[in-house]
Amino acid sequence: MGLFESFKKGLESTRNFFSSGFTRLAAGSGHFDEDMLDELEELLVRADCGVPASEEIIDGVKADIKKTGDDSQDAVYGSVRRKMREILGDKQSYELVPGQLNILLLIGVNGTGKTTTAGKLALRYKKQGKKVILAAADTFRAAAVEQLKAWGERTDTTVISQGSDGADPAAVVFDAVHAAVARKADLLIIDTAGRLHNKKNLMDELSKIRRIIVREAPDASLKSLLIIDATTGQNAVLQAEAFAEAAELDYIGITKLDGSAKGGVAISVAYNTGKPVVLAGLGEGEEDLVDFDPDIFIDSLTEK
Ligand SMILES: Nc1nc2c(ncn2[C@@H]2O[C@H](COP(=O)(O)OP(=O)(O)OP(=O)(O)O)[C@@H](O)[C@H]2O)c(=O)[nH]1
Ligand SMILES: [Mg+2]
């Protein structure tokens, strides 16, 4: 399946929700007055674009109408799409820096899809002929190491772990960084815990992990990727804001866009954190991870 088809399929529920709502709104006169624009804003909020981003989109629509005098259904739809595109920004991707060790730290609350994304990314880069190592730094949950090891087997990737539960994540990261340097790996992917006793513990642990990476591999290209779960809607946005504030955050990946009617979350999260969305999870399978493309996303979210 091509990228566009994958996105279209993944975002079907959101698209149906949004475009049928839009069509219903416009059905009467085919033109938008103030009240209808308010209703359109509400529709955007309900598609999980978030209040601030939805407001900005509708302000943009109003400014366009003022400028052109065109409040027709087509013109309004075009304005909405353009404003969404502006909020998402230009396409950005996670790229490996060639000829050096790249370290990708996967962070996010429990159940969002970190381990699955780690496995999918391992497969992607193995297929490109890269030397990849996975680090099982989620030592909080009993089955976490086993889950990552299963991905290691499936993708034929070395997994660095410290067998027993309750091992120190920082010690796993220390070992993994040394292994990655010694083996001249292209990419070390670090899977971290999503749940600790409280948020402060989680953030402290992430800081500790970062300190160790920077100390042990100062020349590596270190990036962090926050994984959020689209199905949790505005909760995912709140999480992203918290991580953007407390942990150094480079990129965002959104999982479970398949089947979620909350696809607008991508717009909300980009608006509220100012960080680029680079990856989209469109299913549980090992191939169901794609680079996030704002143009394709908007074409999939809205019916052209
Ligand atoms: N439908 C769908 N399911 C996904 C996607 N990504 C992950 N999942 C599923 O979500 C569930 C949780 O994924 P994990 O990768 O274990 O999440 P995690 O963030 O590592 O969770 P913790 O280790 O508990 O913090 C699993 O059942 C995955 O198969 C996706 O893009 N689409
Ligand atoms: Mg996990």
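Student: Explain the environment of G113 to me, and be specific about the residues and the numbers.
Tutor: The topology assignment puts G113 in the loop between β1 (102-107) and α6 (114-127). Between the C-alpha atom of G113 and that of I254, which follows or precedes it by 141 residues, the distance is 8.8 Å. Ignoring any residue separated from it by four or fewer positions in sequence, one finds G113 in contact with I227 and T255.

Student: Which residues make up the site of ligand 1, and what are the values?
Tutor: In the region of ligand 1, 19 residues are neighbours, and K114, T115, T116, D258 and E284 sit closest. In the model, an oxygen atom of ligand 1 is placed 2.8 Å from a nitrogen or oxygen of the T115 side chain. Taken by itself ligand 1 offers 650 Å² of open surface, and the protein chains cover 81% of this. Ranked by residue count, the leading element in the shell around ligand 1 is α6, at four residues. Grouping the constituent residues of the shell around ligand 1 by class yields one nonpolar, 11 polar and seven charged.

Student: Describe the nonpolar core, and please don't skip the residues or the numbers.
Tutor: With 77 residues, the main nonpolar core has L40, I103, L188, I254, I267 and F297 as its most contacted residues. Those residues in contact with F297, other than ones at most four positions away along the chain, are F7, L11, L88, G263, A266, I267 and F292.

Student: Would you mind going over the packing of helix α10 (residues 234-246) against helix α11 (residues 265-273) in detail, with residue names and values included?
Tutor: Viewed as axis vectors pointing N to C, α10 and α11 meet at an angle of 25°, and their least axial separation amounts to 9 Å. Regarding the angle of α10 to α11, the classification is roughly parallel. As for the relative orientation of α10 and α11, their crossing is right-handed in sense. Here Q234, V237, A240, E241 and A244 of α10 come into contact with α11, specifically with V265, S268, V269, N272 and T273.

Student: Could you give an account of helix α1 (residues 3-10), naming the residues involved and the relevant values?
Tutor: Where α1 is concerned, the buried positions are S6, F7 and G10. Taken down its axis, α1 places every buried residue within 95° of arc, on the same side. For α1, the secondary structure elements touched by its buried residues are α2 (12-26), β7 (277-281), β8 (289-291) and α12 (294-301).

Student: Before we move on, could you go through the sheet that holds β7 and cite the residues and values that matter?
Tutor: One open sheet holds the eight strands; their spatial order is β3-β2-β4-β1-β5-β6-β7-β8, and the pairing between them is mixed. Here the strands that pair on one side only, and so sit at the sheet edges, are β3 (158-160) and β8. Pairs of neighbouring strands in the sheet enclose a mean axial angle of 25°, with direction left out of account. Pairing geometry for strand β6 (residues 251-255) and β7, over three bridges, is parallel. Bridging across to β7, I252 finds its partner in V277.

Student: Describe the pattern of salt bridges, naming the residues involved and giving the relevant values.
Tutor: Using the criterion set out here, one finds 15 salt bridges in the structure. In this structure, R82 engages D64 in a salt bridge whose closest nitrogen and oxygen atoms are separated by 3.4 Å. Note that R82 is positioned in helix α5 (residues 73-88) and D64 in helix α4 (residues 51-68), a separation of 18 residues in sequence. Look at R82 and you get partly exposed, because its relative accessible area is 49%. Its salt-bridge partner being R210, residue E248 comes within 3.5 Å of it at the nearest N-O pair. One end of the pair, E248, is in the loop between α10 and β6; the other, R210, is in helix α9 (residues 199-216), and 38 residues separate them in sequence. Residues joined by salt bridges that share partners form a network here, namely R85, D90 and D295.

Parameters at a glance
Residues numbered from 1 in each chain as written. Chains lettered and ligands numbered in written order. Predicted model: local features only at pLDDT ≥ 70, side-chain atom pairs only at ≥ 80, totals over all residues. Heavy atoms only, no water. Helix = DSSP H or I, 4+ residues; strand = E, 2+ residues; numbered from the N terminus. Contact = heavy atoms within 4.5 Å. Near = heavy atom within 4 Å. Polar contact = N/O pair within 3.5 Å; in protein donor to acceptor, adjacent residues only side chain to side chain. Areas by Shrake-Rupley, 256 points an atom, 1.4 Å probe, with all protein chains shown as cover. Nonpolar A, V, L, I, M, F, W, Y, C, P; charged D, E, K, R; others polar. Core = buried A, V, L, I, M, F, W, Y, C linked by side-chain atoms within 4.5 Å. Buried < 20%, exposed > 50% of the residue type's maximum accessible area, 1.4 Å probe, protein only. Axes fitted to C-alpha atoms, helices over the stretch in contact; angles between N-to-C directions. Parallel < 35°, antiparallel > 145°, perpendicular 65-115°, else oblique. Left-handed = near helix turned anticlockwise from the far one by under 90°. Arc of directions from axis to C-beta. Pairing = 2+ DSSP bridges. Salt bridge = Lys/Arg side-chain N within 4 Å of Asp/Glu carboxyl O.

The quantities given are spatial measurements derived from coordinates; they are silent on function.
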